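Architecture and fold: a report
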Amino acid sequence: MKKLSFVLGLLSLLSLSVAAQEEREMRWENVTALYFAATNGTDRDNALQQYLLFDDAVLNRNRSLYRQYETFAKEFTTMSINASASGVNKEIDDVVDEVKKMIKEHPEMADELNAQLKEVEKMRGEYNGHVNEEIKEYTYNPKELLEKLTNISQGKRTYTAYKDIGNGLYAVQTGACYGPLEPDAFKRVKTPEENKFSWGTIDYDGNVILKPIYSDVDDRESWDMIFLAMKDKNGNVRLGACGYDGRVRIPFVYTGCMGYHDGGENGICAYTKGDKWGFVDFDNKMLFPFEFARVKYHAYFEVSKDGKNFGIIDDGLAKMVVPMKYRGIWDYMETYLEMERFDDKIDCYDKKTFRLVKTEPKPHD
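Residues numbered from 1 in each chain as written. Predicted model: local features only at pLDDT ≥ 70, side-chain atom pairs only at ≥ 80, totals over all residues. Heavy atoms only, no water.

1. Some details on the pairing of strand S12 (residues 268–273)
The element S12 is largely enclosed, with a buried count of five among its six residues. Taken together, the five bridges between strand S11 (residues 256–261) and S12 define a ladder with antiparallel strand orientation. For Cys-257, the partnering residue across the bridge sits in S12 and is Tyr-271. Across five bridges, S12 lies against strand S13 (residues 276–280) in antiparallel orientation. Opposite Thr-272, over in S13, you have Trp-277 as the bridge partner. With antiparallel pairing between neighbouring strands as the criterion, S12 and S13 make up a hairpin whose turn holds two residues, including Gly-274 at a positive phi of roughly 75 degrees. (Buried < 20%, exposed > 50% of the residue type's maximum accessible area, 1.4 Å probe, protein only. Helix = DSSP H or I, 4+ residues; strand = E, 2+ residues; numbered from the N terminus. Pairing = 2+ DSSP bridges.)

2. Looking at helix H4 (residues 63–105)
Under the 1.5 Å per step criterion, the end-to-end length of H4 is 60 Å for 43 residues, consistent within 8% with the ideal 63 Å. Of all the bends in H4, the greatest, near 50 degrees, is centred on Ser-84. (Expected span 1.5 Å × (residues − 1). Bend = angle between axes of the 7 residues up to and from the residue.)

3. A word on the packing of H4 against helix H6 (residues 142–152)
Working note: a packed helix pair is described by the angle between its axes plus the distance between those axes. At a closest axis distance of 11 Å, the pairing of H4 and H6 adopts a crossing angle of 135 degrees. By the angle between their directions, the pair H4 and H6 is classed as oblique. For the element pair H4 and H6, the recorded crossing hand is left-handed. Together, Leu-65, Gln-68, Tyr-69 and Phe-72 of H4 and Pro-142, Leu-145, Lys-148, Leu-149 and Ile-152 of H6 make up the contact between the two elements. By residue class, the composition of the contact of H4 with H6 is seven nonpolar, one polar and one charged. (Axes fitted to C-alpha atoms, helices over the stretch in contact; angles between N-to-C directions. Parallel < 35°, antiparallel > 145°, perpendicular 65-115°, else oblique. Left-handed = near helix turned anticlockwise from the far one by under 90°. Contact = heavy atoms within 4.5 Å. Nonpolar A, V, L, I, M, F, W, Y, C, P; charged D, E, K, R; others polar.)

Right under this line is the structure:
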């Protein structure tokens, strides 16, 4: 059964890959496949993801080149499928034989297994529909295409990852350059740890908003905030946040973070400073001093100053709504938040008003 799941997953992935080639965004190009083909498939280790960003003007001036690349990308996908087709079909044949044996051994499962076999054969048909043995070579020379793309690429910059984070910004990773798109790229390949702090942001025109000195961008688009980590001059990791305009909203002075929630007008963030937890809003205004020994998050912030007696800070109200006198949260009911007392009883708080409604004996198994 595991093998069947694997084949189904493989076929789905290949189908998605083909669809992605057909629906690719116009602004970004992943030249990984192009580089791999330009080396005649000899440099697979260095053919990692490299993205180029083009603005509309560049695309319009080089429309024919873009179409050439588009043709190459489809041909590369087809040739890759051609190369793996016999192996994939052999895997499917093995799975089909295995499932047919299972049907004989477990006839009570025949309906379920036959349904899965139909799904496998359907996906096999879709997969083989992309196989085209007639395509044996590329219409355009990958090496020449790669050189042309390099010459017109915006700012001669490459990115190893990118994601659209809204508000007119892309988060981009730079630093590790694995192809011939920048001089001496192979001499500047960084270690994975160094790569971690090579994220920044650019606008849709390619202008740098945040320099690539941060770890992976953790954005919350609706908040107009980008939560980040960076290294200080001593190499220590510090946490903070910037606005989409690049302005520092929460200074990079914190050592840990439990979470950030758009609960109030300005939001609430749980950070550590030293060995204590505290809470600030999205403009670093202190909401609760750095005096908590422990903080947990289960839809509410559970906090304790001594590590034993817990209360609740509601992120929506940004205030202490349940006093610090409990073992912790016992359970969530539809209308009640149940807090475990130290005398084998449960205090039930209304989840909307946080008013203590009743006290009940603690259930026992």
